[in-house]
Amino acid sequence: MVNICYLVGTAGSGKTTLTSSLMRFLITKGATVTSVNLDPAVQHIPYQADIDIREYIDYERLVDEYQLGPNGAMIAAADLVVDYITEIKEDIIDLGESSDLVLVDTPGQMELFAYRLSGVKLTQSFPTDSTLLAFLFDSALVSNISGFLSINLLATSVQLRLNIPIIHIMTKCDLLKESEIERILNWREDPFEDIEELYGLTREFALRTGQMIEDMGEIPLLPVSALTGDGLELLAAQLSRNFVSGEDWLT
Ligand SMILES: Nc1nc2c(ncn2[C@@H]2O[C@H](COP(=O)(O)OP(=O)(O)OP(=O)(O)O)[C@@H](O)[C@H]2O)c(=O)[nH]1
Ligand SMILES: [Mg+2]
């Protein structure tokens, strides 16, 4: 059995840095972790990727050979991943079966993983009960109510698209004051008061989104900082609860 967690989030939300620091944290706690880089265009990653899409897809060659611009090349690279799904899946099974957890760092442009075919194919290659989507909320984007509501909608959209269990992680919390973090976490329970400041139809949509967020009660929103390590302990505990065989990682 392979326990697999996909880190997904908007560009620059901290996927790669969190993959690296969470991996280090779990290893110091005695867990074995397999890391997967699925971003073909990344130049530097701060961890040793056990499985790396760049071994299958040469992004620079795509740009040169097909005279593509950066976005065209990213789309071509994301679609090419489909041709290597079988190999990547086998690599993940080979290493993942002897690991406690497989952490998958996904491409910068979230839609390439979540909405094009490769992400769906890969996530559906493994049983749902051993798969988790960790959706990253960039704290810089959720510190006002409209940002918070929009990112919740985005997370829900990706959840609908991939159809796997989800947790929410608020990243870069070292950049916020304690009171700001509290305020954002409180919105999960009661976003309505601050929705009052929005106008007209937007306010109506926001109220309905707020209702949806209230209904999300059981999805945790965990504040972390990959920089200081704050919140990693709680995140690790959450991950271990999400996977059937997770309880014995952190002994
Ligand atoms: N202060 C602070 N900065 C962070 C943290 N995590 C990431 N960053 C910074 O945020 C920027 C983006 O981080 P990445 O880890 O590359 O984010 P990403 O989601 O992998 O980015 P793309 O793959 O390019 O979309 C970098 O400058 C990081 O140093 C954090 O916990 N605190
Ligand atoms: Mg990245």
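Let us look at the structure shown here. Note that the structure is predicted; figures quoted are calculated from it, not measured.

Some remarks on the sheet that holds strand E6 (residues 166-171)
Phase 1: A sheet is described by the order of its strands in space; here 7 strands give the open sequence E3-E2-E4-E1-E5-E6-E7, paired in parallel fashion. Strands at the two margins of the open sheet, each flanked by one partner only, are strand E3 (51-52) and strand E7 (221-223).
Phase 2: Judged from the 5 bridges that link them, strand E2 (residues 33-37) and strand E4 (residues 101-105) form a sheet pairing that is parallel. What sits directly across from Val33, in E4, is Leu101.
Phase 3: Contacts from helix H8 (residues 178-189) reach strand E5 (131-138), E6 and E7 within the one sheet, and its direction differs from that of E7 by about 175°.
Phase 4: Contacts between helix H11 (residues 232-242) and the sheet are confined to strand E1 (4-9), E4, E5, E6 and E7, with E6 contributing the most and set at about 170° to the helix.

Let's talk about the nonpolar core
Phase 1: Tyr6, Ile92, Phe135 and Phe148 are the most contacted members of the largest nonpolar core, which totals 54 residues.
Phase 2: It is helix H7 (residues 145-162) that provides the largest number of residues to this core, a total of 7 residues.
Phase 3: Residues Leu101, Val224, Leu235 and Phe243 belong to the second largest nonpolar core, which totals 28 residues.

Brief notes about the packing of H7 against helix H10 (residues 200-215)
Phase 1: Close contact between H7 and H10 brings their axes to 10 Å; oriented N to C, the two are set at 60°. Here H7 is positioned oblique relative to H10, judged by the angle of their axes. Crossing of H7 over H10 shows left-handed handedness. Residues Phe148, Leu149, Asn152, Leu153 and Thr156 of H7 form the contact with H10, whose participating residues are Ala206, Thr209, Gly210, Met212 and Ile213.

Some points on the environment of Pro40
Phase 1: Among the structural elements, Pro40 can be located in the loop between E2 and E3.
Phase 2: Residue classification places Pro40 among the buried positions, given a relative accessible area of 7%.
Phase 3: In sequence terms Pro40 and Gly119 are 79 residues apart; their C-alpha atoms lie 13 Å from each other.

Rules of the game
- Residues numbered from 1 in each chain as written.
- Chains lettered and ligands numbered in written order.
- Predicted model: local features only at pLDDT ≥ 70, side-chain atom pairs only at ≥ 80, totals over all residues.
- Heavy atoms only, no water.
- Pairing = 2+ DSSP bridges.
- Helix = DSSP H or I, 4+ residues; strand = E, 2+ residues; numbered from the N terminus.
- Contact = heavy atoms within 4.5 Å.
- Axes fitted to C-alpha atoms, helices over the stretch in contact; angles between N-to-C directions.
- Core = buried A, V, L, I, M, F, W, Y, C linked by side-chain atoms within 4.5 Å.
- Buried < 20%, exposed > 50% of the residue type's maximum accessible area, 1.4 Å probe, protein only.
- Parallel < 35°, antiparallel > 145°, perpendicular 65-115°, else oblique.
- Left-handed = near helix turned anticlockwise from the far one by under 90°.

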